[in-house]
Amino acid sequence: MTSARVGFVSLGCPKALVDSERIITQLRAEGYEIAADYEGADLVVVNTCGFIDDAVQESLDAIGEALQENGKVIVTGCLGAKASGSGNNLVKELHPSVLAVTGPHATAEVMQAVHQYLPKPHDPFTDLVPEQGIRLTPRHYAYLKISEGCNHRCSFCIIPSMRGDLVSRPIGEVMREAESLVKSGVRELLVISQDTSAYGVDLQYRTDFVAGRPVRTRMTELCKELGQLGVWVRLHYVYPYPHVDEIIPLMAEGKILPYLDVPFQHAHPAVLKRMKRPASGERNLERIQSWRSVAPEITIRSTFIVGFPGETEAEFESLLEFLEQAELDRVGCFAYSPVEGAAANDLADPVPEAIRLERQERFMQTQAAISQRRLRRWVGKRVRVLVDDIDQSQGILIGRTMADAPEIDGIVRIAPDPNSRHPVPARIGDWATVDIVDSDDHDRDAIFIRETSV
């Protein structure tokens, strides 16, 4: 019997990637095979992003390509929930020949459409999938999504309109998935959501059970439980609420990685107010200093928006001053661009595009010098890294320290010890001990010392 084959295109953020993994896991559990190209697929699922204009266009282009190359396409993801200017579904309006369109985190709806257009295979031998499901990340790290949606209504963001309000997963369910991933060989868990700090708020921090023990569904308790698994645990999308201070001691104790991804977005109170951000920014410098006093090795990553409507030169200068004082380790910066459906589009005094781009350039120049200084602190240290890749042409390993999240942060280029005749024995997914010998604006260079156990 020839198995039904589904092609899959996954776009967007790590949260969308987890949605893709869940759909692919269900497809494989039901006996479908995943095709490597359009030609070998009976139909194609495209998981889209719809947050900013560039992402919308990339998703629309991917849908168009799938239609041209295959012809049978199911669309899911954030773009699938987006309406056009006329109020109709945007995807259906621009690509009327798609078979079906769903919004994000809609595994059941996607499977229903797949069943309709490509009936489910009936072969019990293909129903077996790994306990941890099918993943699209390398074997040694995985994203752990703890909730869907967001309760905030930031004026520049349309995600709540696409993904809905916060819906937290019970802590027992999250821990069972985490334990399954670790059992399968995962050595780094990247905790993701729209708002990790708000985990459990919608459930009123309801008690669930972890290995038979009552545990509250709350961020601090989750970090304590994950910290017992013996792997790297990295937190993303952490809003700087007061209770975030509770997890810093866990970082100092080595229970979870001393790494915080905190989307500050701006530093001036007036801009943050126009953004309708849940944190004021006035105490952020004080908070950062406090975190570093408890966990001196902490790495802080953040993202910012410049050129937001109404942003004055003085407000932008205050952001640059914040950067100098905060000395954040990893920073991304976006020049504001209007997003269809966002409340910020109606704000007064839009900043001209030329000024937005000029401020973005000045911002990144300022941060480049800061990042370079922060990375220089690593030179001369002996540290543990997780090996992500092997560059055969250069004869080096590519790894990451505890300060580096995959895909978005820097890397460590690891060369063999010049005084050793033995090749570097480490493999992808191994731990290694290295000496950091140099750094630049983003990455570091190191000499391999030895393989390291957990």
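Since we're looking at a predicted model, the values are computed, not measured.

**Structural notes on the overall build of the chain**
Here is step 1 of the chain: Each helix and strand counted, the chain has twelve helices and 20 strands in total.
Here is step 2 of the chain: Compactness check: the chain gives a C-alpha radius of gyration of 23 Å against a globular reference of 22 Å for 454 residues, within 12% of the reference.
Here is step 3 of the chain: Across the chain, the fraction of contacts at a sequence separation of at least 24, relative to all contacts at a separation of at least 6, is 74%.
Here is step 4 of the chain: When the accessible surface of the chain is split by element, carbon and sulfur atoms take 51% of a total near 20,000 Å².
Here is step 5 of the chain: The averaged location of the 65 negative side-chain charges in the chain is 6 Å from the averaged location of its 49 positive side-chain charges.

**Concerning the confidence of the model for the chain**
Here is step 1 of the chain: This prediction gives the chain a mean pLDDT of 87; 93% of its residues lie at or above 70.
Here is step 2 of the chain: Per-element mean pLDDT across the chain ranges from 75 in helix 5 (residues 159–163) up to 96 in helix 7 (residues 219–226).

**Examining the sheet that holds strand 1 (residues 5–10)**
Here is step 1 of the chain: Sheet architecture is open: five strands sit in the order 2-1-3-4-5, paired in parallel fashion. Looking at which strands have only one partner, the edges of the open sheet turn out to be strand 2 (33–35) and strand 5 (100–101).

**Here's the deal with the sheet that holds strand 19 (residues 431–439)**
Here is step 1 of the chain: Read around the closed barrel, the five strands follow the order 16-17-18-20-19; overall the barrel is mixed. Within this sheet the neighbouring strands show an average axis-to-axis angle of 50 degrees, counted without direction.
Here is step 2 of the chain: Pairing of strand 16 (residues 382–391) with strand 17 (residues 396–400) involves five bridges; the strand directions are antiparallel. Among the inter-strand pairings, I390 is bridged to a residue of strand 17, identified as L397.

**As for helix 4 (residues 107–117)**
Here is step 1 of the chain: Among the residues of helix 4, those classed as buried are V110, M111, A113 and V114. Mapping the buried residues of helix 4 onto a view down its axis gives an arc of 160 degrees, with all of them on the same face. Away from its buried face, by an angle of more than 90 degrees, helix 4 presents the exposed residues A108, Q112 and Q116.
Here is step 2 of the chain: Here the buried face of helix 4 lies against helix 1 (14–29), strand 3 (43–48), strand 4 (73–77) and strand 5.

**A short note on the nonpolar core**
Here is step 1 of the chain: Counting residues in each nonpolar core, the largest one holds 50 residues, and the members touching the most others are L260 and F363.
Here is step 2 of the chain: It is helix 11 (residues 313–326) that contributes the most residues to this core, six residues altogether.
Here is step 3 of the chain: The residues contacting F363, other than those within four sequence positions of it, are F304, V306, F316, L319, L320, L323, V331 and C333.
Here is step 4 of the chain: By size, the runner-up hydrophobic cluster in this structure holds 19 residues, among which are L11, A41, L67 and V73.

**Regarding the pairing of strand 11 (residues 213–216)**
Here is step 1 of the chain: Sheet topology places strand 10 (residues 207–210) next to strand 11; four bridges connect them, and they run antiparallel. The residue of strand 11 that forms the bridge with F209 is P214.
Here is step 2 of the chain: Hairpin connection between strand 10 and strand 11: a loop of two residues separates the two successive antiparallel strands, and A211 in this loop has a positive phi of roughly 50 degrees.

**Looking at helix 6 (residues 171–183)**
The periodicity of an α-helix, 3.6 residues per turn, causes residues three or four positions apart to be oriented the same way.
Here is step 1 of the chain: Between its first and last C-alpha atoms helix 6 spans 18 Å; for 13 residues at 1.5 Å apiece the expected length is 18 Å, and the two agree.
Here is step 2 of the chain: For helix 6, the complete set of buried residues consists of I171, G172, V174, M175, A178, S180 and L181.
Here is step 3 of the chain: Looking at the packing, one finds that the buried side of helix 6 touches strand 6 (141–145), strand 9 (188–192), strand 10, strand 11 and helix 7.
Here is step 4 of the chain: Among the residues trailing helix 6, G185 stands out with phi positive, at a value near 115 degrees.

**Digging into the environment of A335**
Here is step 1 of the chain: Relative to the elements of secondary structure, A335 occurs in strand 15 (residues 330–335).
Here is step 2 of the chain: For A335 and N70, which are 265 residues apart along the polypeptide, the C-alpha to C-alpha distance reads 36 Å.
Here is step 3 of the chain: Apart from the residues within four sequence positions on either side, A335 is in contact with V306, R356, L357 and Q360.

**Some details on the packing of aromatic side chains**
Here is step 1 of the chain: Under the counting rule described, the total for this entry stands at eight aromatic pairs.
Here is step 2 of the chain: Ring centres of Y141 and Y143 lie 6.4 Å apart, and the angle between their planes is 85 degrees; on these two criteria the pair is classed as edge-to-face.
Here is step 3 of the chain: Plain terms: the ring middles of F308 and Y336 are 5.2 Å apart, the flat faces sit at 75 degrees to each other, and that makes the pair edge-to-face. Here the residue F308 occupies a position in the loop between strand 14 (299–306) and helix 11, and Y336 occupies one in the loop between strand 15 and helix 12 (353–376), the gap between them amounting to 28 residues. Each member of the pair, F308 as well as Y336, is classed as buried.
Here is step 4 of the chain: Connected via pairs of aromatic rings, a cluster forms that spans F264, F304, F322 and F363.
Here is step 5 of the chain: Between the NZ or CZ atom of R400 and the centre of the ring of Y141, over which it lies, the distance is 5.4 Å.

**A short note on the pattern of salt bridges**
Here is step 1 of the chain: Throughout the structure, instances matching the rule amount to 36 salt bridges.
Here is step 2 of the chain: A salt bridge links D329 to R374; the shortest N-O distance between them is 3.0 Å. Placement of D329 in the loop between helix 11 and strand 15 and of R374 in helix 12 is noted, with a sequence separation of 45 residues between them.
Here is step 3 of the chain: Among the residues examined, D329 registers a relative accessible area of 8% and is labelled buried.
Here is step 4 of the chain: Three or more residues are tied together by salt bridges with common partners; here these are E311, E313, E317, E358, R359 and R362.

Rules of the game
Residues numbered from 1 in each chain as written. Predicted model: local features only at pLDDT ≥ 70, side-chain atom pairs only at ≥ 80, totals over all residues. Heavy atoms only, no water. Helix = DSSP H or I, 4+ residues; strand = E, 2+ residues; numbered from the N terminus. Rg over C-alpha atoms; globule rule 2.2 N^0.38 Å. Contact = heavy atoms within 4.5 Å. Areas by Shrake-Rupley, 256 points an atom, 1.4 Å probe, with all protein chains shown as cover. Lys, Arg positive; Asp, Glu negative; His and termini not counted. Charge placed at Lys NZ, Arg CZ, Asp CG, Glu CD. pLDDT = per-residue confidence, 0-100. Pairing = 2+ DSSP bridges. Axes fitted to C-alpha atoms, helices over the stretch in contact; angles between N-to-C directions. Buried < 20%, exposed > 50% of the residue type's maximum accessible area, 1.4 Å probe, protein only. Arc of directions from axis to C-beta. Core = buried A, V, L, I, M, F, W, Y, C linked by side-chain atoms within 4.5 Å. Expected span 1.5 Å × (residues − 1). Phe/Tyr/Trp six-rings, centres within 6.5 Å; stacked < 30°, edge-to-face > 60°. Lys NZ or Arg CZ within 6 Å of the ring centre and 35° of its normal. Salt bridge = Lys/Arg side-chain N within 4 Å of Asp/Glu carboxyl O.

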